[in-house]
Amino acid sequence: MAERKGVPALGWWLMLVGSLRLASVWFGFFNIWALRVAVFSQTEMSEIHGRTFGVWTLLTCTLCFLCALNLDNRPLYIATFLSFIYALGHFLTEYLIYHTMAVANLSTVGFFAGTSIVWMLLQWNSHGDSRGSRAIQFIHEKTENQELSLKATVLDTGLAIVAHDAVHFDSELPHYGTEDGVRRDPAEPGRIVSPPLMWAEALDLLLHKLEPRVDYGRVAAVSGSAQQHGSVYWAHGAGAALASMDPAEGLATQLAAALAAPESPVWMDSSTTAQCREVEAALGGALALAAMTGCRAHERCTGPQIRKMFQTRRRVYDGTERISLVSSFMASLLIGGYACIDQTDGAGMNLMDIQTRQLREDALEATAPDLEVKIGKLVPAHEIAGTLAPYFVQRFQFTRKCVVVQWSGDNPNSLAGLTLSNPGDLAISLGTSDTVFGITDMPEPSLDGNILPNPVDPKTYMVMLCYKNGSLTREDVRNTYAQKSWDVFNNFLEQTDPLNGGKLGFYYKEQEILPPLPVGYHRYIVDTLTSGSSAETARHQTDEFDPPSEVRAVIEGQFLSMKGHAERCGLPVPPKRIIATGGASSNQAILKIMASIFGCPVYTVQRPDSASLGAALRAAHGWLCNQQGDFVPISRLYSGRLETTSLSMKLAVPFGDCQGGAELLNNYKFLLNKRLEIEQELVERFGRRTCTK
């Protein structure tokens, strides 16, 4: 990933040495007298000796030429270096022990071998691999039963993970006063924010934690994955502050005055319902907006959040020079200037035309005045944002050539990390938010899902369903009904029967996105599951289930909802397979239920944090595209060797092993229809009201 322009000086030297070695090859095969005069002047040589020497020298000169043109190939570099070590050792023994060489002969060969050894040692870490010596990535991520954190994953040239670490916001940066990485405003229900300075300080801390294990001088490219939709408001003059950061001080202390707002609304925020309806009305309705921008106006979307800032905190908005997403905010820190928003993450703003992938003038006007200049231009996810700022070069000894590839959102990076490329596959991420996503080349807008450009394939799109109530809600049910123990939780899943006796639960610890419902828990019991039409089947509401049924209901209910809404959005149902990721993807009991409801096998990856891995992979991909001067398929990085890398996956649950098989699948289909019917009634009754807990 470190840029290479032409052949470096060391390369020319190796080609010179290789050419001189070719002369020795000629002597060995065709002029034994000349070889004796030039090298072994103190002994007699036969023709067989000459030819043996010629073959050995031919091999070493081949290494010289190959290495000269591929200094970034570490195994080839080491082999060539060792060839000089062996050659020098051979000639020294011939001179000192066997006395076959004169001192003049030794001086000549010793000069070329010794110079090559020293030069190659001095340049040992100066030439990155063609895929980069190291690719490093940072991510805001929360998995099941863990704190929200900033993570780093470092990949080597073989796409193996060589280092991994994290900074947990709540426990390691407690002075920011966050819970689960956010602050909930008690004065305004639904308002949820995070302090951007906490993310900046976490970046400094994380790099210090990794420093003993990672040679930053070998890192060739950096990228990242961030929570989507959050917006950061830079004050006037912030660009200059970014460009002049002092490596002797931390990021947070230097950038406090560079922010127009000390807090950023994040994806969990649900306080913008009024702004969502205003934007939809201005642009022809929810479905029209979805057709234009990829999704209807959800409370989490950046556009409505910006509109609210303009309406309720006009002084902050007017004092804003630039608005970043969380992803472009982090990239801006790394390059020491304003980074562009990438088109994939930008699709979550309700401001970008999903076809042209550029900002829409009518959407900008419907949101806030003078917004285009504050947002800046949008660029493809594989482009280079810039090189690392002097702050990181001097503070952590990165190379000045290390490039920063555009950061993107966590879900798009998960798609990259899962190497999802088959339209028949589905991915399900089980984290703070739960998401379902697949790829298509013919997106169909809907009120349920989101359409985003594929971050690693400009010709296709990513279709995504997002559920706000993920791991935190499962943890809430675990704490209330399973003795705060995942072991008890899993035992309840195993001991309860599939279909849960017709018990359907709707669990919304946070105001939900899909379906658009306020905080609240709703429980129903369907009286029969095997006969009668859905309309004729009796069901009644209840206040509470027994603890084992509560546990199964929260898991079954989420997967039933995912399956129903995925089918509405045109995603493949049943899929050929599901690739599960996120914290809960390591829970075998949960995966068995997933396979039973969707009717397909479930695969998992080596590491559950696919977003982290995906962004590191995107760092390598962006570097490769930059080297080629054009987009190249990301599969070039791992083609033919996927199973030997950290990207490999395994079959976790074969569908044939699921209890009940086809009959159970039909019964789940019936229960799914009943759930969607009840869900629609709840939306008509409570939909998009703001409700306190």
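Here the structure is shown first, and the text comes after it.
So, here's what we can say about the structure. Treat the numbers as computed from the prediction; the structure is a model and nothing was measured.

Some remarks on the layout of surface pockets
In this structure, the largest pocket spans a volume of roughly 400 Å³. If you trace the largest pocket, you find 19 residues lining it, with Leu 20, Arg 21, Ser 24, Val 109 and Phe 112 closest to the centre. Listed by contribution, the elements that provide at least two residues to the lining of the largest pocket are α1 (9–30), α3 (47–69), α4 (74–96) and α5 (103–122). The biggest single contributor to the lining of the largest pocket is α1, with six residues. Looking at side-chain class alone, the lining of the largest pocket contains 14 nonpolar, four polar and one charged residues.

Observations concerning helix α14 (residues 326–335)
Think of an α-helix as turning once every 3.6 residues; residues three or four places apart then point the same way. Counting buried positions along α14 yields ten of ten residues, so the element is predominantly enclosed. For α14, every residue scored as buried is listed here: Val 326, Ser 327, Ser 328, Phe 329, Met 330, Ala 331, Ser 332, Leu 333, Leu 334 and Ile 335. Of the residues trailing α14, Gly 336 is marked for its positive phi of about 70°.

Topic: the packing of aromatic side chains
Evaluated as defined, the whole model comprises 20 aromatic pairs. Taking the centre distance of 6.2 Å and the plane angle of 45° together, the rings of Phe 29 and Phe 30 count as tilted. Among the residues examined, Phe 29 registers a relative accessible area of 36% and is labelled partly exposed. The ring of Tyr 317 carries the charged tip of Lys 374 above its face, separated from the ring centre by 4.9 Å. Cation over ring: Arg 675 sits above Phe 506, and NZ or CZ is 4.0 Å from the ring centre.

What to know about empty space enclosed by the protein
Scanning all chains against the criterion turns up six cavities of 30 Å³ or more. The volume enclosed by the second largest cavity comes to roughly 130 Å³. If you trace the second largest cavity, you find 17 residues lining it, with Asn 469, Tyr 507, Tyr 508, Val 554 and Gln 558 closest to the centre. Of all the elements in the fold, those that place two or more residues in the lining of the second largest cavity are α20 (471–481), β19 (503–508) and α22 (547–568). Grouping the amino acids of the lining of the second largest cavity by side-chain chemistry returns seven nonpolar, seven polar and three charged.

Side note on the packing of α22 against helix α25 (residues 661–686)
Running from amino to carboxyl end, α22 crosses α25 at an angle of 85°, the nearest separation of the two axes being 9 Å. Comparing their axes, α25 and α22 come out roughly perpendicular. Within the contact between the two elements, α22 uses Arg 552, Glu 556, Gly 557, Leu 560, Ser 561, Lys 563, Gly 564, His 565 and Arg 568 and α25 uses Leu 665, Tyr 668, Leu 671, Leu 672, Arg 675, Leu 676 and Glu 679. Considering only residue class, the contact of α22 with α25 consists of six nonpolar, four polar and six charged.

A few points about the nonpolar core
Membership of the largest hydrophobic core comes to 62 residues, with the highest contact counts inside it found for Ile 306, Met 349, Leu 351, Leu 371, Ile 375, Phe 437 and Leu 637. In terms of residues, this core owes the most to one element, helix α24 (residues 610–628), which gives eight residues. The contact partners of Leu 351, leaving out residues within four places of it in the chain, are Thr 293, Gly 303, Ile 306, Gln 358, Leu 359, Arg 360, Ala 363, Leu 364, Thr 367, Leu 371 and Ile 375. Residues Val 477, Ile 555, Leu 571 and Ile 590 belong to the second largest nonpolar core, which totals 60 residues.

As for the sheet that holds strand β20 (residues 520–526)
Taken together, the three strands give an open sheet; going across it, the order is β19-β20-β21, and neighbouring strands pair in antiparallel fashion. In this open sheet, the two edge strands, each paired with only one partner strand, are β19 and β21 (539–542). Ignoring which end each strand starts from, the neighbouring axes of this sheet average 20° apart. Across six bridges, the pairing between β19 and β20 is antiparallel. Bridge pairing in β20 places Tyr 508 opposite Gly 520. Of the strands in this sheet, β19 and β20 touch α22, which is tilted by about 80° from β19. Packing against the sheet, α25 makes contact with β19, β20 and β21, and its axis sits at approximately 40° to β19.

Topic: unusual backbone geometry
A cis amide bond, omega 0°, links Leu 514 with the succeeding residue Pro 515. Position of Pro 515 relative to the elements: it lies in the loop between β19 and β20. With an omega dihedral of -5°, the bond running from Val 573 to Pro 574 counts as a cis peptide bond. As for its position among the elements, Pro 574 is in the loop between α22 and β22 (577–581). Residue Asp 370 is not a glycine yet carries a positive backbone phi of 55°. Within the secondary structure, Asp 370 is located in the loop between α16 (361–367) and α17 (371–375). Judged by its relative accessible area of 60%, Asp 370 falls in the exposed class.

So, how was this worked out
Residues numbered from 1 in each chain as written. Predicted model: local features only at pLDDT ≥ 70, side-chain atom pairs only at ≥ 80, totals over all residues. Heavy atoms only, no water. 1 Å grid on protein atoms, 1.4 Å probe; cavity = no way out; pocket = protein on both sides within 12 Å on 5 of 7 lines; lining within 4 Å. Points joined across faces, edges and corners; volume = space filled by probe spheres on them. Helix = DSSP H or I, 4+ residues; strand = E, 2+ residues; numbered from the N terminus. Nonpolar A, V, L, I, M, F, W, Y, C, P; charged D, E, K, R; others polar. Buried < 20%, exposed > 50% of the residue type's maximum accessible area, 1.4 Å probe, protein only. Phe/Tyr/Trp six-rings, centres within 6.5 Å; stacked < 30°, edge-to-face > 60°. Lys NZ or Arg CZ within 6 Å of the ring centre and 35° of its normal. Axes fitted to C-alpha atoms, helices over the stretch in contact; angles between N-to-C directions. Parallel < 35°, antiparallel > 145°, perpendicular 65-115°, else oblique. Contact = heavy atoms within 4.5 Å. Core = buried A, V, L, I, M, F, W, Y, C linked by side-chain atoms within 4.5 Å. Pairing = 2+ DSSP bridges.

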